[in-house]
Amino acid sequence: MTLLGDTATASGKKPTEGEILSIRGGRPLSGTVEVKGAKNLVTKAMVAALLGEEPSILRDVPDISDVAVVRSLLEVHGVRVAEGPEPGSLSLDPRDVESAHMEEIDAHAGASRIPILFCGPLLHRLGQAFIPDLGGCRIGDRPIDFHLDALRKFGAIVEKLPSGIRLSAPRGLHGANIHLPYPSVGATEQVLLTAVRAAGTTELRNAAIEPEIMDLIGVLQKMGAIISYEPNRVIVIEGVERLRGYDHRAIFDRNEAASWACAALATGGEIFVGGAKQQDMLTFLNVVRKVGGDFDIREDGILFRRGAGDMQGTTVETDVHPGFMTDWQQPLIVAMTQATGRSIVHETVYENRFGFTQALVQMGADITVYPNGLQEGPRRVPRRSLEQAAVIQGPTPLRGADITVPDLRGGYSHVIAALAAEGESVVRNIGIIRRGYAGFLDKLTALGADFDVIG
Ligand code: EPZ
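None of the values given here were measured: they were computed from a predicted structure.

Bringing the site of the ligand into the picture now. Close to the ligand lie 26 residues; Lys44, Asp145, Ser184, Val349 and Arg409 are nearest. Within the side chain of Asp327, a nitrogen or oxygen atom sits 2.9 Å from an oxygen atom of the ligand. Within the side chain of Tyr350, an N or O atom sits 3.3 Å from an oxygen atom of the ligand. Contact with the protein chains removes 94% of the 840 Å² of surface that the ligand exposes when unbound. Of all elements in the fold, only helix 1 (39-48), helix 5 (145-153), helix 6 (185-195) and helix 12 (408-420) reach the threshold of two or more residues within the shell around the ligand. Residue classes in the shell around the ligand are distributed as twelve nonpolar, five polar and nine charged. Summarising the domain contributions, the shell around the ligand has at least three residues from each of domain 1 (21-35 + 252-453) and domain 2 (39-249).

Attention now moves to the sheet that holds strand 21 (residues 402-404). Read from one edge of the open sheet, four strands run 21-22-1-23, paired in mixed fashion. Across the chains shown, the open sheet's two edge strands, defined by having one partner strand only, are strand 21 and strand 23 (450-453). Across this sheet, the average inter-strand angle for adjacent strands is 20°, counted without regard to direction. As paired strands, strand 1 (residues 20-24) and strand 22 (residues 424-428) are joined by five bridges and run antiparallel to one another. Within strand 22, the position partnered with Ile20 by the bridge is Arg428.

This next bit is on the packing of helix 5 against helix 6. Their axes nearest at 8 Å, the elements helix 5 and helix 6 cross at an angle of 25°. Overall, the two elements helix 5 and helix 6 adopt an arrangement that is roughly parallel. The chirality of how helix 5 crosses helix 6 is right-handed. Facing Phe146, His147, Ala150 and Leu151 of helix 5, the residues of helix 6 in contact are Gly186, Ala187, Gln190, Val191 and Thr194. Of the residues assigned to the contact of helix 5 with helix 6, the class counts are five nonpolar, four polar and no charged.

A few words on the sheet that holds strand 12 (residues 234-238). A sheet is described by the order of its strands in space; here four strands give the open sequence 9-10-12-11, paired in mixed fashion. Each of the sheet's edge strands pairs with one partner strand only, and the pair in question is strand 9 (177-179) and strand 11 (226-230). For this sheet, the mean inter-axis angle between neighbouring strands, taken without regard to orientation, is 15°. Of the pairings in the sheet, the one linking strand 9 to strand 10 (residues 201-205) comprises three bridges and is parallel in character. Pairing of Asn177 across the sheet is with Glu203, part of strand 10.

Contact pair helix 4 (residues 119-126) / helix 6: the axes reach a minimum separation of 7 Å and the direction vectors enclose 15°. The orientation of helix 4 relative to helix 6 falls into the category roughly parallel. By crossing handedness, the relation of helix 4 to helix 6 is classed as right-handed. Mapping the contact onto sequence places Cys119, Gly120, Pro121 and His124 in helix 4 and Gln190, Leu193 and Thr194 in helix 6. Its residues assigned to classes, the contact of helix 4 with helix 6 comprises three nonpolar, four polar and no charged.

Right, let's talk about unusual backbone geometry for a bit. Backbone torsion omega between Gly84 and Pro85 reads 10°, so that peptide bond is classified as cis. In this structure, Pro85 sits in the loop between strand 4 (80-83) and strand 5 (90-93). The amide bond that connects His321 to the next residue, Pro322, takes the cis arrangement and shows omega of 10°. Within the element layout of this structure, Pro322 appears in the loop between strand 17 (315-317) and helix 10 (329-336). The phi angle at Asp60 is positive, at roughly 65°, despite the residue not being glycine. Position of Asp60 relative to the elements: it lies in the loop between strand 3 (56-59) and helix 2 (65-76). One non-glycine residue, Arg233, lies in positive phi territory at about 60°. For Arg233, a relative accessible area of 19% gives the class buried.

As defined by bridge partners, strand 15 (residues 293-298) adjoins strand 16 (residues 301-306) across six bridges and the pair is classed as antiparallel. The residue bridging Arg298 from the neighbouring strand is Gly301, located in strand 16. Hairpin remark: strand 15 followed by strand 16, antiparallel, with two residues in the connecting loop.

The next point concerns the nonpolar core. Counting residues in each nonpolar core, the largest one holds 151 residues, and the members touching the most others are Leu167, Leu220, Trp260, Phe284 and Ile333. The dominant element in this core, judged by the number of residues it contributes, is helix 8 (residues 254-267), at nine residues. For this core, the two domains that each supply at least three residues are domain 1 (21-35 + 252-453) and domain 2 (39-249). Sequence-distant contacts of Leu220, defined by excluding residues within four places in its chain, comprise Ala48, Leu51, Leu192, Leu193, Val196, Ala225 and Ile227.

The rules we used
- Residues numbered from 1 in each chain as written.
- Predicted model: local features only at pLDDT ≥ 70, side-chain atom pairs only at ≥ 80, totals over all residues.
- Heavy atoms only, no water.
- Near = heavy atom within 4 Å.
- Polar contact = N/O pair within 3.5 Å; in protein donor to acceptor, adjacent residues only side chain to side chain.
- Areas by Shrake-Rupley, 256 points an atom, 1.4 Å probe, with all protein chains shown as cover.
- Helix = DSSP H or I, 4+ residues; strand = E, 2+ residues; numbered from the N terminus.
- Nonpolar A, V, L, I, M, F, W, Y, C, P; charged D, E, K, R; others polar.
- Domains from an automatic or database assignment.
- Pairing = 2+ DSSP bridges.
- Axes fitted to C-alpha atoms, helices over the stretch in contact; angles between N-to-C directions.
- Parallel < 35°, antiparallel > 145°, perpendicular 65-115°, else oblique.
- Left-handed = near helix turned anticlockwise from the far one by under 90°.
- Contact = heavy atoms within 4.5 Å.
- Buried < 20%, exposed > 50% of the residue type's maximum accessible area, 1.4 Å probe, protein only.
- Core = buried A, V, L, I, M, F, W, Y, C linked by side-chain atoms within 4.5 Å.

Here it is in structure tokens:
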């Protein structure tokens, strides 16, 4: 495993896996895949290491390009990152953190969304920070107003520049009372990573409580932070002067686990997802059961397959935890194209997360997207009109097509649609999938997929 430190560029491209696949579909995917640490925890835990005065060890780090981007950004700030002490782990030594040159930071512009989480840690370590323009999947506007409002409440001075954001805290950072307009995952992490070393107490209301956030709280507690989680999405952080390093095994990637589960349902195969745990996937498992899928929960993972009889259409609405995750809807929709009757997916977290369905329609799926949703009602994220709905009528045979991956989860869905489809597909822009799926092509091979890398 290289953890992409040597071979990837800051844009996350690794030349060995190719960008275009030719896929011959129409046969079930069956076998075993192992899921490792969650992308959406690992990258944040890496940033948390900046806050410590000693080295940290992070275990079960997936070999994905988002990790490479964060690693590289930590390194330009003087953090020494090395593989070990065991395969798939990283040691992160922040003792020589220093201001980076703007050009080095700028080389990471557009590569990921994680750099926004460097704000608090860099302000604590250096009194200033420069954050390049953000990247990440183009699935909506993805503003950072909650982040910047919170940072200002901690006492940061925020200056927007044409190429990014400059922050300073000449008088240090102090605890704050913050009420998020929406339980944003990133803004909750921003507050946690800033409050742990701010002077005084921070009370965060309407916080996100995703399992990955609870795992980040675990990391910070290991470092010496004092964080209590109270009922009704309230998190209280008592700031401390210094933090030490941590040794932590990352929570498994439930998004990847759900993706492989949907691949089993979509292709009619049987996939054992090693490392998946029931407790963090309860909502997903209920939907698998409702759609007519089946699963066996074992000590070391979960086996997914279709149940006896046809799969049935169902309705889901994406939501923050403990609701149905927005990242699960794309692979699920591919499975829904093979279910009998009508399925409806209401997307309430992002305003542009059904673009990937165009390719499925090109492949023969019957999907209608309602950009303004099917019903009027209060909007989840204030000031923004988010609700969209997709209505899927099934079952429809899928046929091979020439398609281009638009984003991480949509791209994964394109690949499993191509594997479920009769005939040959050409799937372009596969590189994006490496942002979040470790060893993607090896796993496809292990499951019996028939494909070639052609470009
Ligand atoms: C995280 O994104 C994940 N990314 C996403 O995973 C995931 O879909 C999302 O949480 C929801 O679970 C990472 O962890 C790196 P948010 P994040 O802040 O933190 C709006 C994947 O495929 N909002 O909870 O960026 C925002 O636009 C990815 O793995 C504001 O309006 O999500 C969105 O509509 C994609 N202003 C909603 O809140 C803000 O300042 C939720 O976003 C911040 C967010």
